[in-house]
Each structure stands twice: as structure tokens, then as C-alpha cells.
Amino acid sequence: MAEIWIFAESREQTLELLNAGRSLAGELGAQVVAFALESGLAQEYASHGADEVLVLPPLAGDQPLEAYVPVIAEEAGRVRPDIFLIGGAQRGKEMAARIAARLDTGLCSGCTGLRLDENKQLVMERMLFGGAAVQTVVCAARPQMAAVPPRTFEPAVPQAGREAKVRELPPVSVSPVTVVKRTPKVRETVDITEAKVVVCVGRGVEKKEDIGLAEELARVLGGEVGCSRPVAEELQWLPEDVYIGISGKKVKPELYVGVGVAGQIQHVTGMRDSKVVLAINRDENAPIFDAADYGIVGDLYDAVPKLVKELKNALKI
Amino acid sequence: MLNTIACFKWVMDEADIKSDPKTRQLIYERVGYKISDYDRNAIEEAVRLQEEHGGSVVAVTVAPSGARQCLKDALSRGPGKACFINDPTFTGLEPGQTASILAAAISKMEYDLIICGEGSSDLYAQQVGPALAEKLGIPCATYVNKLTYVAEENKIVAERKLDDGIEAVSIQLPALVTVLPEINTPRIPSLKQVLGAAKKPVEDIGLDSLAGTFSPCLKTTGVLAAVMERRRLRYGTGEEDIRKVVEALLREGVIA
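This structure is a prediction, so every number in the text was calculated from the model and none was measured. (Residues numbered from 1 in each chain as written. Chains lettered and ligands numbered in written order. Predicted model: local features only at pLDDT ≥ 70, side-chain atom pairs only at ≥ 80, totals over all residues. Heavy atoms only, no water.)

### Points about the overall build of chain A
Inference 1: Along the backbone of chain A there are eight helices and 16 strands.
Inference 2: Taking the principal axes of the C-alpha coordinates as reference, chain A spans close to 65 × 50 × 40 Å.
Inference 3: For chain A, the proportion of its 317 residues judged to be buried stands at 58%.
Inference 4: For chain A, restricting intrachain contacts to residue pairs at least 6 apart in sequence, the fraction spanning at least 24 positions comes to 63%.
Inference 5: Split by element, the accessible area of chain A, about 12,800 Å² in all, is 49% carbon and sulfur. (Helix = DSSP H or I, 4+ residues; strand = E, 2+ residues; numbered from the N terminus. Buried < 20%, exposed > 50% of the residue type's maximum accessible area, 1.4 Å probe, protein only. Contact = heavy atoms within 4.5 Å. Areas by Shrake-Rupley, 256 points an atom, 1.4 Å probe, with all protein chains shown as cover.)

Right, dumping it as C-alpha cells:
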């Protein structure tokens, strides 16, 4: 029987891939096999659609998650599943690339869509050129592998009474990459991907203090402040948790407001699914205006205070 | 002494790619080429380590034979030598093929460290670095934003910037790392460096001197411009215009 395999570094991503895997399995008549990082998750994965759960052994304290690559690749090489979906957060992307290399198969990374064609071949979709184009690929080798970014699919819905076969995998060999220090990120208070309104600060904002303008606008709109990549990484004015783009956060708010955002394609890819887009930029040729429903061409230092005032009137704040 | 290989890719400048709004076909006319953005960080990091510890830097690329001008660009950024792994058929390669071709060539070279960018600016598949490490059978660390060479132990300590925090890993050489853009700021080549680049040695490696076959697994069945249906209405900063924008947002039901 054909098999669809799933590995992700977190429970949430595993549930999302179980949803995608289950619907493909229905069309293919395939079994869904999910990896679990602890045996306690096996029952949950079973009720969310796994027919078999492969429980990975615990790692030593100085081993990174990537130490699982050899054992996962070995299992996959033995069984040669038809499809192998991997949660494409950072570690997952590395692991998927290494597993595909070991299996001599193709990998569609950054995969944003999956479907089966008339020959039951997996058609995988991904972005090209920083998000300017959509590429569809199929894979002649097996497994057909995709690394799927978090939140691409909704999590699977549990069904009562589903059981799965559970198999414990053998201990893993020691990785030559050893962790010498872990510094957990201090969780920022906001999750920008959950915000209904996102006000995004771009390079058009001249000084760090001027982010206050965007904050004021966000406050009036009941939203959160995000930024483009350089504002977080080069200028370090805002935490890296809130930068929006192909390599950062992908936001889908009701309203996105770009304040001095030029709109490079890499950024637009992170906000293109916003319901309504408002952009403020003094350069009338800024690419953000092509990605906007409403564009205010003018100095943000002039426009934003006026906008705040008008919003306060309209919303009776 | 640290002998480093910096891998780079010669890519189309995505800013030059246009599309036909009717057919959604991409138009590549008058498209310029560049060293993939993050590969400049890879080259810079290799050169920085050489300045600190001595040794050598070789810039390596897999490219169609017509892309020879990429060598001068790469060499002007500081590497002492370039390897041009080329064949007329090396176009539109998938990441797995590029990794296999690189591995076939690099396995015959002497090196301590390989540095790749986080991902290319055209495909951004982020596969070549880790896949190359697997093909060569060496360990790797991805998403590195700080790299330290510990000469007396012949190892590197790499700080990986991950979603949940920083993970510092220690790896015996030889090893491979992929670097994030914030690891350094690539220097702009000086005129002297640009002129000097033409005199630096280039090793040509052709397909016939590589062991192995490099057939694709993936087949692209379509490339279409991403569509975005937006109203694209323009306003000024006059009070009347601002009021119209706010009214529109209220009508859309996105503010309340």
C-alpha cells in the first residue's frame, strides 16, 4: 500500500501536515505515517489521521534535532514512501534537504500547495524570484518530497476512535554537530501573524523614534506594528519576530498599512494575502503601490498624523 | 590556516523580471545578472576568516559556460582563486543536481570549511548547502549568524539563529555552514580589486571531468507570474484625500 510520511519539529506543524496528508491519502488510497518526537504524542497523531506513528528515540542533551536525519533517511530509504511531507520551519528545511540528498530524490521546498494530477502524481507549488512567480513541479523519483512552511494548512480535526500502529525507532548515532549553548529567545508579547491590523514600518521612516508614528496609527486601528527585513536586521529598530517577508513572518491581516515601505518582492510575499492593503510612500514609483488597494503618495510625516486624526474622528476615539 | 570554499550562484536579477498581465508569462528580456544576494555574505565571511587566520579562499560556482563574467565579480570580492564548474547544459538545474555537481568537483579539492548562503535569490530553495554536506559526508550548520574558527582544536563554533533562539554548535572540520545576511556586511569591491580580479587564477572544470550522472528528479510543469488583485487607487495627502481613504477602509469593513 502506498504511504504518505510526515515529519515536523512541532506538534502543531505535524497536525497541519496530517490534514494535508489525510486528504491526499483519501485520493490515493494510501496510509499516513507520522513521526513523533515522544511517545505521548502517538495517540493524538492517531486520532488526527495517522495510521502508523514512528516514535523517535530521545536525543542526548548536546544533540540538535538535526541528529535525527540519518535514522529518518534510513527508514524512508527502506520503505520508499510515495510522498514525504516535512514541516518546513528552519530545522525542517535543513533536514528535508539532507534527507532528500540521502535518498537521491527531488524536494520542493517552501511548498505552498499540494494536489494530485490525473495520473495521481503529486503537483507541488512554490514561489520563485522572491515571490514574483509561482512554480509548479512534479517529481519523477520516490518519495515525492515537499517541505511545507508552518501554517500553510489548517490543523487536522480529531476523530473519535481512530487508532494507529505505534513503532519505536532505534537509538540514533551521535551527531558530529554538538550543541554547546542554547539561548532561548525571549518571547515577544505579540504574535504579528495573529493581528487583525498590521502597520508595517519600512526604510522610509528616518529615525528610530519615528516608529512612534506607526505605533500611534496601530493603536488607533487596534493593530500591531511590524516592519520590513532591514528595519529589524540592519537597523535593529524592531525585534526580528515582527519582520514580514519571504524569510520572515507571513501575515494575512484584514488590513495591512505600509508606512514608508518600498515593497520589494521579498517583502510583498510576506503580506500579499492581506485582505486590504494601504500604502504610504513618497515615491510614486514604489512597487508597494502595485500591491496596494489604497495608496497615499506623499510624505509619511505629513500623511500619518492626518490619517490618525481622521481615523480618530471616524472611529470616535 | 584555514582553507575555505565559498559557493556562489549567478542569478537573474529578480527586479528586472517583468510579466505579461494577460498570460502571466514571465518576460526575461533585458534581465541583468548578479551574484545571489546572500552568497555575497558567504564570500565576505570566507574572506574575513582568511584575514583573521590566514589560509586561502576559493570561490566555486556551477553555471552555464556563458556565465563566465560571474568570475570577475566574485574574485573582486577577495577570493584568491575561482573554480568555474561549467557546461552549456548547466541551466535551470534543480538544487539536488547543483549539490551533486558541486560535490563531485569539491571532493577532489582540499578544504577545511565550505560556506554557502542561506538560499539563492531566484529559487530560494535553501537546499544546496545542506544537500552538498550530505553528498560530501561532512557535518553542517545552517542559519549561521556568527562564525568562529578555533585553530588549536581545528573546529568551528557557529551560532545558528533559529525561530526559538540562538543555538551555538561546535563542529570539527571539515564542515559546511550556510550563513544569514546579518553575519556581515559585504564590502563593495574597490577599483583596484575589480582590476585585480582579472589576473586571478580560474580553474575550469567541465562536465567530462566529473564522476557521476546528474539527472534531474523534478520537472517544472509551469511558471506563472504571481497574481495579486488589488485596486491600486492613488491618493494625495490633502485632508479630503485622507478622508476618502478612511471612508474606503470603513466601507471595506476592515476597521471598526
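### Side note on the nonpolar core
Nonpolar side chains in soluble globular proteins tend to end up buried together.
Residue and element names in this part refer to chain A.
Inference 1: Core analysis: the biggest nonpolar cluster contains 59 residues, and Leu 217 and Leu 255 have the highest contact counts within it.
Inference 2: The leading source of residues in this core is helix H8 (residues 300–315), at seven residues.
Inference 3: The residues contacting Leu 217, other than those within four sequence positions of it, are Val 199, Val 257, Val 259, Val 304, Leu 307, Val 308 and Leu 311. (Core = buried A, V, L, I, M, F, W, Y, C linked by side-chain atoms within 4.5 Å.)

### Section: the packing of helix H3 (residues 69–79) of chain A against helix H4 (residues 90–103) of chain A
Residues and elements named next belong to chain A.
Inference 1: Contact pair H3 / H4: the axes reach a minimum separation of 9 Å and the direction vectors enclose 45 degrees. Considering their axes alone, H3 and H4 lie oblique with respect to each other. With respect to the hand of their crossing, H3 and H4 are arranged in right-handed fashion. Here H3 contributes Val 69, Pro 70, Ile 72, Ala 73, Ala 76 and Gly 77 to the contact with H4, which in turn contributes Met 95, Arg 98, Ile 99, Arg 102 and Leu 103. (Axes fitted to C-alpha atoms, helices over the stretch in contact; angles between N-to-C directions. Parallel < 35°, antiparallel > 145°, perpendicular 65-115°, else oblique. Left-handed = near helix turned anticlockwise from the far one by under 90°.)

### Let's talk about the domain arrangement of chain A
All names here are of chain A.
Inference 1: The domain architecture assigned to chain A consists of domain 1 (3–168) and domain 2 (192–315).
Inference 2: Its C-alpha centre places domain 1 at a distance of 34 Å from the equivalent point of domain 2.
Inference 3: Contacts between the two partners involve six residues from domain 1 and, on the opposite side, seven residues from domain 2.
Inference 4: Both faces considered, domain 1 and domain 2 share a buried interface measuring about 480 Å² in area, 55% of it formed by carbon and sulfur atoms.
Inference 5: By the criterion of area lost to domain 2, the three top residues of domain 1 are Met 127, Gly 130 and Arg 151, representing 71% of everything that side buries.
Inference 6: Summed over the shared surface of domain 1 and domain 2, the result is two residue pairs in polar contact (both at pLDDT 80 or more).
Inference 7: A class-by-class count of the residues in the side of domain 1 that touches domain 2 yields three nonpolar, two polar and one charged. (Domains from an automatic or database assignment. Buried area = accessible area lost by both parts, 1.4 Å probe. Polar contact = N/O pair within 3.5 Å; in protein donor to acceptor, adjacent residues only side chain to side chain. Nonpolar A, V, L, I, M, F, W, Y, C, P; charged D, E, K, R; others polar.)

### Here we look at a nonpolar patch on the surface
Inference 1: Together, Leu 191, Val 194 and Leu 195 of chain B line one region of the surface with nonpolar side chains, adding up to about 290 Å² of accessible area.
Inference 2: With respect to the helices and strands, Leu 195 of chain B occurs in helix H5 (residues 191–197). (Patch = residues over 30% accessible without salt bridge, like charges linked within 9 Å, V, L, I, M, F, W, Y side chains within 5 Å. Salt bridge = Lys/Arg side-chain N within 4 Å of Asp/Glu carboxyl O.)

### As for the interface of chain A and chain B
Inference 1: Counting residues at the interface gives 86 residues for chain A and 72 residues for chain B.
Inference 2: Both faces combined, the contact of chain A with chain B buries some 6,600 Å², and carbon together with sulfur accounts for 54% of it.
Inference 3: Contact with chain B buries surface across chain A, with Gln 90, Phe 129 and Tyr 294 of chain A losing the most and accounting together for 12% of the total.
Inference 4: The interface formed by chain A and chain B includes 13 salt bridges.
Inference 5: Arg 232 of chain B serves as the salt-bridge partner of Asp 290 of chain A, at 3.8 Å between the closest nitrogen and oxygen.
Inference 6: Put simply, chain A and chain B have 53 residue pairs in polar contact (both at pLDDT 80 or more) between them.

### Quick word on the pattern of salt bridges
Residues and elements named next belong to chain A.
Inference 1: Considering all chains together, one arrives at 48 salt bridges over all chains under this definition.
Inference 2: A salt bridge links Arg 219 to Glu 216; the nearest nitrogen and oxygen atoms lie 3.2 Å apart. You can see Arg 219 and its partner Glu 216 sitting in helix H5 (residues 211–221), three residues apart, about one turn around the helix.
Inference 3: Here Glu 216 falls in the partly exposed class, since its relative accessible area comes to 25%.
Inference 4: The partner of Asp 302 in a salt bridge is Lys 306, with the nearest N and O atoms 3.1 Å apart. One end of the pair is Asp 302 and the other is Lys 306, both in helix H8 and four residues apart, which spans about a single turn.
Inference 5: The exposure class assigned to Asp 302 is partly exposed, which follows from its relative accessible area of 28%.
Inference 6: Under the relative-accessibility criterion, Lys 306 is labelled partly exposed at 27%.

### A closer look at empty space enclosed by the protein
Inference 1: Within this structure, the stated rule accounts for one cavity of 30 Å³ or more.
Inference 2: Contributing to the lining of the largest cavity are Lys 93 and Glu 94 of chain A together with Glu 118, Gln 126, Pro 130, Thr 142, Tyr 143 and Thr 178 of chain B.
Inference 3: Secondary-structure elements contributing two or more residues to the lining of the largest cavity are H4 of chain A together with strand E9 (140–150) of chain B.
Inference 4: For the lining of the largest cavity, the class distribution of residues is two nonpolar, three polar and three charged. (1 Å grid on protein atoms, 1.4 Å probe; cavity = no way out; pocket = protein on both sides within 12 Å on 5 of 7 lines; lining within 4 Å. Points joined across faces, edges and corners; volume = space filled by probe spheres on them.)

### So, the side chain of His 267 of chain A
Residue and element names in this part refer to chain A.
Inference 1: Residue placement: His 267 occurs in helix H7 (residues 265–271).
Inference 2: For His 267, a relative accessible area of 6% puts it in the buried group.
Inference 3: If sequence neighbours within four positions are ignored, His 267 has contacts with Cys 200, Cys 227, Ser 228, Ile 244, Gly 245, Tyr 256 and Val 261.

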